[in-house]
Amino acid sequence: IEIDKQGATTVERQSARLAPPPMYQVILLNDDYTPMEFVVNILERVFAKTPEQAEQLMLKVHYEGRAVCGVYPRDIAATKVEIVRQLAQSRQHPLQCVMEPVP
Ligand code: TYC
């Protein structure tokens, strides 16, 4: 709603379609100490992967150094990063999880 200097009002309907939100990749990084089974568990519970998908993705991180675990709007990506960090810290594992804007 706009009100001009004469006091006249203009009401413009907002565009029916909103731009899609910016998306972020959540990435797991390899290390030499976090147990494979712990990473598989994270991928199943935090990223909703099947046991088979989780195993494959864990091995991709293990051999290639990093892998994208999922792509989400900012707040959801940030929450997943925080959950992974807390789970890793609670078991004293050095597992690293980061988010990056989708290029
Ligand atoms: N490299 C670890 C090991 O050999 C396994 C691992 C996989 C660690 C993925 C972190 O994000 C990771 N136990």
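Residues numbered from 1 in each chain as written. Predicted model: local features only at pLDDT ≥ 70, side-chain atom pairs only at ≥ 80, totals over all residues. Heavy atoms only, no water.

Here the focus is the nonpolar core. Residues Val 26, Leu 28, Ile 42, Leu 43, Phe 47, Val 84 and Leu 95 are the most contacted members of the largest nonpolar core, which totals 23 residues. Broken down by secondary-structure element, the contributors of at least two residues to this core are strand 3 (23-29), helix 1 (36-45), helix 2 (51-64), strand 4 (66-73) and helix 3 (74-90). By residue number, the principal contributor to this core is helix 1, which donates five residues. With residues up to four places along the chain from it excluded, the contact list for Ile 42 reads Phe 47, Val 84, Leu 87 and Leu 95. (Core = buried A, V, L, I, M, F, W, Y, C linked by side-chain atoms within 4.5 Å. Buried < 20%, exposed > 50% of the residue type's maximum accessible area, 1.4 Å probe, protein only. Helix = DSSP H or I, 4+ residues; strand = E, 2+ residues; numbered from the N terminus. Contact = heavy atoms within 4.5 Å.)

The next point concerns the pattern of salt bridges. Per the stated rule, a full pass over the model turns up three salt bridges. Among the salt bridges present, the one from Arg 74 reaches Asp 75, with a minimum N-O distance of 3.8 Å. Take Asp 75: its relative accessible area is 56%, and that puts it in the exposed class. (Salt bridge = Lys/Arg side-chain N within 4 Å of Asp/Glu carboxyl O.)

You can see Pro 51 is positioned in helix 2. Taking relative accessible area as the criterion, Pro 51 reaches 48% and is therefore assigned partly exposed.

If you check the shell around the ligand, you find Leu 29, Asn 30, Asp 31, Thr 34, Met 36, Val 39, Met 58, Val 61, His 62 and Leu 95 and nothing else. Backbone polar atom of Leu 29 to an oxygen atom of the ligand: 2.8 Å apart, as the coordinates give it. At 2.9 Å, a backbone N or O of Thr 34 approaches a nitrogen atom of the ligand. If the ligand stood free it would expose 340 Å²; the protein chains cover 89% of that surface. Among the elements of the structure, helix 1 and helix 2 are those that each provide at least two residues to the shell around the ligand. Counting residues per element, the shell around the ligand draws most heavily on helix 2, at three residues. Residues belonging to the shell around the ligand are distributed by class as follows: six nonpolar, three polar and one charged. (Near = heavy atom within 4 Å. Polar contact = N/O pair within 3.5 Å; in protein donor to acceptor, adjacent residues only side chain to side chain. Areas by Shrake-Rupley, 256 points an atom, 1.4 Å probe, with all protein chains shown as cover. Nonpolar A, V, L, I, M, F, W, Y, C, P; charged D, E, K, R; others polar.)

What follows covers the environment of Tyr 63. Residue placement: Tyr 63 occurs in helix 2. The exposure class of Tyr 63 is exposed, given its relative accessible area of 67%. Along the backbone, Tyr 63 and Ile 76 are 13 residues apart, and their C-alpha atoms lie at a distance of 27 Å.

Right, let's get into a negative patch on the surface. On the surface, Glu 37, Glu 44, Glu 52 and Glu 55 cluster together into a patch of negative charge. Elements represented by at least two residues in the negative patch include exactly helix 1 and helix 2. Within the secondary structure layout, Glu 37 lies in helix 1. (Patch = residues over 30% accessible without salt bridge, like charges linked within 9 Å, V, L, I, M, F, W, Y side chains within 5 Å. Lys, Arg positive; Asp, Glu negative; His and termini not counted. Charge placed at Lys NZ, Arg CZ, Asp CG, Glu CD.)

A few words now on the pairing of strand 3. With five of its seven residues buried, strand 3 lies for the most part within the structure. Here strand 3 pairs with strand 4 via seven bridges, running antiparallel. Each residue of the ladder has a partner; that of Met 23, found in strand 4, is Pro 73. Pairing of strand 3 with strand 5 (residues 96-101) involves six bridges; the strand directions are antiparallel. Counterpart to Val 26 in the pairing with strand 5 is Met 99. (Pairing = 2+ DSSP bridges.)

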